[in-house]
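# Inside the fold
So you can see what is in the structure, the chains are spelled out below.
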Amino acid sequence: ETEGTIHACFSFLGCFISISLLGLLQEFLVPGLSNVYQVPLVLLTPSWGVTAIQVFCAWPVPGAQPKNVILGNLIGALSALVVQVTPFPDLIPKTLQAAVAVSSTLLLQEMAGAVHPAGAATAFLLGNAEEITWHSLGLTIFASVLIVAVAVLFNNLSIDRFYPQYWWPVRPPDGPPGQLLQPPVSFIMEAPEQWLKVYLEKIQGGDASGPLQVSIAHSCFSALASLVFMLSLILINEAFGFDPSRLAAAAAASSLLFSDWQGAHSQPLPCLIGSLIAGLCGSLCQVLPQLGMEIPMWTQAALGVGLTAFSMDMVNSAFPAGGAIALGFVVNPPRIPWVSVLYTGLLSSALIIYGVFVNNLQETRLYPRRWPWQKGTSPRYPPPASLPAHRYSERNLIRRWTDETNSGTSGTKYSKIYVGVLTVGLQFFFLTFLFFADFDVTDSVASMCNDWAWVSFALVGLVYTRSFLKAYGLGSVGYCLLILCVSVQWSMIVESLVNGTVLHVSFANLMNGCSSAAAVLVSFGALVGKVDPLQILTLVLIELPCYCWNKVVFLQMGSEKTPLVQDRGTLLIFLFGSFFGLAAGKTLGVPEMDWLNRSQRNTELLSLFGTCCLWCSLPSFPRGDSETSSSTMAWQHTVLALLGSTVATFTLDPFLHDGRLEPAAVRSAVLAGGVAISGVADIVGPCTALAVGCIAGSASTICLGFSDKNVDTSGVFYVYGLPALIGGITSMGRINHESLGNQAFGLCGTLTIACLSGAVCGRLLRSLHGSVELAFSDEVHWDCAEDLPRGVLSL
């Protein structure tokens, strides 16, 4: 449960309840207190978004325990108050006082063993305020206690949560760190009538030890690093004229990276992904009133923080400072939301780079603990004890594993039954829609044959580029036909439902269905060999609604019915499909048996045939009327881009592989130019087209050396994802300034929707318990011929 949807839902509800309570108190209680004491009082500030994310998404860590939450926020408020009552106000401006308050907070928190990132955000916000009173200090304590109380009462409703791990650490701070306490799950499952007793026992807390005591030198280093970082950000922020309150999240992030640099939530991937998720969720909730939804601000704030917590948990990238970003976007809306999202991403990237260089200056620090692209050790099935220790063919070993896995209640057998039921149900569903559909037969036969020819050629190429696996040729090619047929039907139904119209059957709609199917086929490239037919159908049923909603609803949010992204080709198909498949593959995990994830000469030759087919068909992708000059220009420029990427691949690849060509690079990177130029082929010049092709081919060739075939089987990120990003950046430089913001927002939104929906899909695919442990073998689901490749494996 700790990594599943239930955990994310608990985090969402906990954050929503906490921020809602603070918002209600801010709306109904605080205004009266402000009139009584004649001072401005603010309760709903971005720092409480940090605390909410910390105690609900990262509840086991020391920074989320009651002592750290209450004492850490109190230290932040006191630091800001002390800075304002000293002679500093007459010497330095407000923003610099806030930076001093943040660095002082980090120093005192580490010395007290109460590191909590929201305390740094509180120090910055109060230090930047016009006036601080003791009443603000009281509100800080009150809000901290309120969130802790909600966390204690709500977290322990979940079976797999035990909060707090301690109310106050009972072991000496220089002792060994305590272990994560686990709730008595088996007791609850065996005796559900005793749940109240167990719930009360969990509320009493555990006896885990607190964090290790650090040296004064370590604390001073953290404070100095934070001071330099905040001063730099303040100067940059003032130069661009941004609101200084936006830097509250940066203050919280500096606490994570310098005082808690070893923590899992302080590493580069959660920092970057969590910041972008928070910015997008906050922007989405901020624009709700503009969409006609009359909801109070406190509800928007609670939804923003709750959705941020849910999304972070779903992609396993909890970053507490993101709560300040989401809450800040609602309570203090930016003028241009999507520009602020990009600004947030740049700030998080700058923080990561700064943290890497500064943290490692101290001998006792090593940051980051792990980069996202570094491969970890994954579990593998041990060889069966019944087999003698000598060389066995892979086919016999797979057959042995099949027999052992399918003994008793066979999941594979039930999977085949479910596939049959699901496919029959889909056909009946489609037949029902066809019964009420409108049919259009006005298209000319010559036009239909001409358009269908290039579609067929492109699909053949797209399918056969995946046929390189030596023992999975039937699955990699055959399942693509299943995906194509189901996707065309399902996409027509989904688009009619999204548009609120009757199903309209025409040649144009069938071609549109093929385009939607291409997005699923691109995603399938990352999952080839790791999913069974039931999981494949599940992939189609989940991805197509997300893709259609992104295309029909999200990208049509521009003004005057102008799409957010001006895509003149197939850029969005490649962009959405590749990142959806990559997120699903990453979440699904690596297979337990991967020795069949290899190729051989005949299969590589067949995959290169598919590459040649796709290479020849890419310039013919439709871009409107084929008789117009712009369409002719697009065709010419696509060919130029493909020429550039092909030459770049054959030039660079020998330098990377000891003078020899790698088939995977030739199979993949030669197509990068056609993918990158697809969105701007009719608005760029010939030189630009050739340059884009060369850049895309070079980038794909170089980056293919870092690919993990266990996560991305066919390397779809390097064939479609990375070139599509290059094409998206190119398109932003070729449109007018009025549409630049919409283009950037549309591309970032598409990426976010693809990644989030892909991660959710991967979680669901993993819960279906497919044949990942029997991966990359046709024998699991196909009646294979006797000449199936027989490799050998040393046991």
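The structure displayed is predicted, hence computed values, not measured ones.

### Examining the overall build of the chain
Across its full length, the chain holds 29 helices and four strands. Taken over 795 residues, the chain has a buried fraction of 55%. With the model as given, the accessible surface of the chain reaches about 33,900 Å², and the carbon-plus-sulfur share is 67%.

### A word on a nonpolar patch on the surface
Together, Leu13, Ile17, Leu21, Leu24 and Phe28 make up an exposed nonpolar region whose accessible area comes to about 420 Å². Note on placement: Phe28 falls in helix 1 (residues 5-28).

### Observations concerning empty space enclosed by the protein
Taken as a whole and assessed by the stated rule, the structure comprises five cavities of 30 Å³ or more. Each pocket or cavity is described by its volume, and for the largest cavity that value is around 260 Å³. Arg246, Ala249, Ile325, Thr344 and Leu347 are, among the 22 residues lining the largest cavity, the residues nearest its centre. When contributions to the lining of the largest cavity are tallied by element, the ones reaching two or more residues are helix 10 (216-240), helix 11 (248-259), helix 14 (322-331) and helix 15 (337-359). Residue contributions to the lining of the largest cavity peak at six residues, all from helix 15. Of the residues in the lining of the largest cavity, the class split is 15 nonpolar, six polar and one charged.

### Overview of the nonpolar core
Formed by 92 residues in total, the largest nonpolar core has its most connected members in Phe524, Ile677 and Tyr720. Looking at this core element by element, the count peaks at twelve residues for helix 20 (residues 507-527). Residues in contact with Ile677, not counting those within four places in the same chain, are His637, Thr638, Ala641, Val684, Ala689 and Val692. If you look at the next biggest cluster of nonpolar residues, it comprises 84 residues, including Val102, Leu125, Ala143 and Ala302.

### Let's talk about the pattern of salt bridges
It is possible for side chains bearing opposite charge to pair when their charged atoms get close. Within the structure shown, the criterion is met by two salt bridges. Between Glu495 and Lys551 there is a salt bridge whose closest N-O contact spans 2.7 Å. Remark: Lys551 occurs in helix 21 (residues 533-552) and Glu495 occurs in helix 19 (residues 473-499); sequence separation between them is 56 residues. For Lys551, a relative accessible area of 22% corresponds to the partly exposed category. In this structure, the salt-bridge partner of Arg667 is Glu604, at a minimum N-O distance of 2.7 Å.

### A look at the packing of helix 21 against helix 22 (residues 571-588)
The relative placement of two packed helices is expressed as an angle between their axes plus a distance between the axes. Contact geometry for helix 21 and helix 22: axes closest at 11 Å, N-to-C directions at 135°. Classified by the interaxial angle, the pair formed by helix 21 and helix 22 is oblique. Of the two possible hands of crossing, helix 21 and helix 22 adopt the one that is right-handed. Each of Gln535, Leu539, Ile542, Glu543, Cys546, Tyr547 and Asn550 in helix 21 lies in contact with helix 22, whose residues at this interface are Leu572, Ile573, Phe576, Gly577, Phe580 and Leu588. Looking at the contact of helix 21 with helix 22, its residues break down into nine nonpolar, three polar and one charged.

### So, the packing of aromatic side chains
Summed over the entire model, instances satisfying the criterion amount to 13 aromatic pairs. Ring centres 6.5 Å apart and planes at 75° place the aromatic pair Phe56 and Phe154 in the edge-to-face group. You can see Phe56 sitting in helix 3 (residues 46-57) and its partner Phe154 sitting in helix 7 (residues 134-155), a full 98 residues away along the chain. Grouping residues by exposure puts Phe56 and Phe154 together as buried.

### Side note on the confidence of the model for the chain
Across the chain, the average pLDDT comes to 77, with 76% of residues at 70 or higher. Taken element by element, the predicted model of the chain shows its lowest mean pLDDT in strand 4 (residues 792-793) (36) and its highest in helix 3 (90). Overall, residues 622-627 carries pLDDT values under 50, and its contacts beyond four positions in sequence, including any with other chains, amount to ten contacts.

### A few points about the state of the cysteines
Note on terminology: a disulfide is the covalent bond linking the sulfur atoms of two cysteines. Counted under the stated rule, the structure contains zero disulfides. Free cysteine: Cys548, not disulfide-bonded; nearest cysteine sulfur from Cys546 at 9.4 Å.

### With respect to unusual backbone geometry
In this structure, the amide linkage connecting Tyr163 to the following residue, Pro164, adopts the cis form with an omega of 5°. Mapped onto the elements of the fold, Pro164 is located in the loop between helix 7 and helix 8 (185-190). Here Tyr367 and Pro368 are connected by a cis peptide whose omega angle stands at 0°. Turning to its location among the elements, Pro368 is positioned in the loop between helix 15 and strand 1 (392-393).

### Concerning the environment of Glu27
Mapped onto the elements of the fold, Glu27 is located in helix 1. Glu27 gets classed as partly exposed once you look at its relative accessible area, which sits at 41%. For the pair Glu27 and Pro296, spaced 269 residues apart in sequence, the C-alpha to C-alpha distance is 9.6 Å.

### Quick notes on the environment of Thr713
Tracing the chain through its elements places Thr713 in the loop between helix 27 (686-703) and helix 28 (716-732). Between the C-alpha atom of Thr713 and that of Arg598, which follows or precedes it by 115 residues, the distance is 10.0 Å. A polar contact is formed between the side chain of Thr713 and the backbone oxygen of Val528, at a distance of 3.1 Å.

### Digging into the packing of helix 12 (residues 268-286) against helix 14
Following both chains from N to C, one finds helix 12 and helix 14 inclined at 20°, their axes separated by 8 Å at the closest point. Between helix 12 and helix 14, the crossing angle belongs to the class labelled roughly parallel. Note that helix 12 runs across helix 14; the crossing there is right-handed. Seen from helix 12, the contacting residues are Ser275, Ala278, Gly279, Gly282, Ser283, Cys285 and Gln286; seen from helix 14, they are Gly322, Ile325, Ala326, Phe329 and Val330. A class-by-class count of the residues in the contact of helix 12 with helix 14 yields six nonpolar, six polar and no charged.

### What about the environment of Leu81?
Structurally, Leu81 can be placed in helix 4 (residues 66-85). Note on Leu81: relative accessible area 8%, which makes it buried. Residues Leu81 and Leu126 lie 45 residues apart in sequence; the distance between their C-alpha atoms is 7.6 Å.

### Describing helix 3
Look at helix 3: 17 Å from first C-alpha to last across twelve residues, which is about the 16 Å you get at 1.5 Å a residue. Of all the positions in helix 3, only Pro46, Ser47, Trp48, Gly49, Val50, Thr51, Ala52, Ile53, Gln54, Val55, Phe56 and Cys57 are classed as buried.

### As for the side chain of Thr730
By the element assignment, Thr730 lies in helix 28. Its relative accessible area of 18% is what places Thr730 among the buried residues. In this structure the side chain of Thr730 is engaged in a polar contact, spanning 2.8 Å, whose partner is the backbone oxygen of Ile726. Discounting residues that sit within four places of it in the chain, Thr730 has contacts with Val680 and Val692.

### Some points on helix 4
Taking 1.5 Å as the rise per residue, helix 4 with 20 residues should run 28 Å; its terminal C-alpha atoms sit 29 Å apart, in good agreement. Counting buried positions along helix 4 gives 14 out of 20 residues, so the element sits mostly inside the fold.

The rules behind the values
- Residues numbered from 1 in each chain as written.
- Predicted model: local features only at pLDDT ≥ 70, side-chain atom pairs only at ≥ 80, totals over all residues.
- Heavy atoms only, no water.
- Helix = DSSP H or I, 4+ residues; strand = E, 2+ residues; numbered from the N terminus.
- Buried < 20%, exposed > 50% of the residue type's maximum accessible area, 1.4 Å probe, protein only.
- Areas by Shrake-Rupley, 256 points an atom, 1.4 Å probe, with all protein chains shown as cover.
- Patch = residues over 30% accessible without salt bridge, like charges linked within 9 Å, V, L, I, M, F, W, Y side chains within 5 Å.
- Salt bridge = Lys/Arg side-chain N within 4 Å of Asp/Glu carboxyl O.
- 1 Å grid on protein atoms, 1.4 Å probe; cavity = no way out; pocket = protein on both sides within 12 Å on 5 of 7 lines; lining within 4 Å.
- Points joined across faces, edges and corners; volume = space filled by probe spheres on them.
- Nonpolar A, V, L, I, M, F, W, Y, C, P; charged D, E, K, R; others polar.
- Core = buried A, V, L, I, M, F, W, Y, C linked by side-chain atoms within 4.5 Å.
- Contact = heavy atoms within 4.5 Å.
- Axes fitted to C-alpha atoms, helices over the stretch in contact; angles between N-to-C directions.
- Parallel < 35°, antiparallel > 145°, perpendicular 65-115°, else oblique.
- Left-handed = near helix turned anticlockwise from the far one by under 90°.
- Phe/Tyr/Trp six-rings, centres within 6.5 Å; stacked < 30°, edge-to-face > 60°.
- pLDDT = per-residue confidence, 0-100.
- Disulfide = S-S within 2.5 Å.
- Polar contact = N/O pair within 3.5 Å; in protein donor to acceptor, adjacent residues only side chain to side chain.
- Expected span 1.5 Å × (residues − 1).

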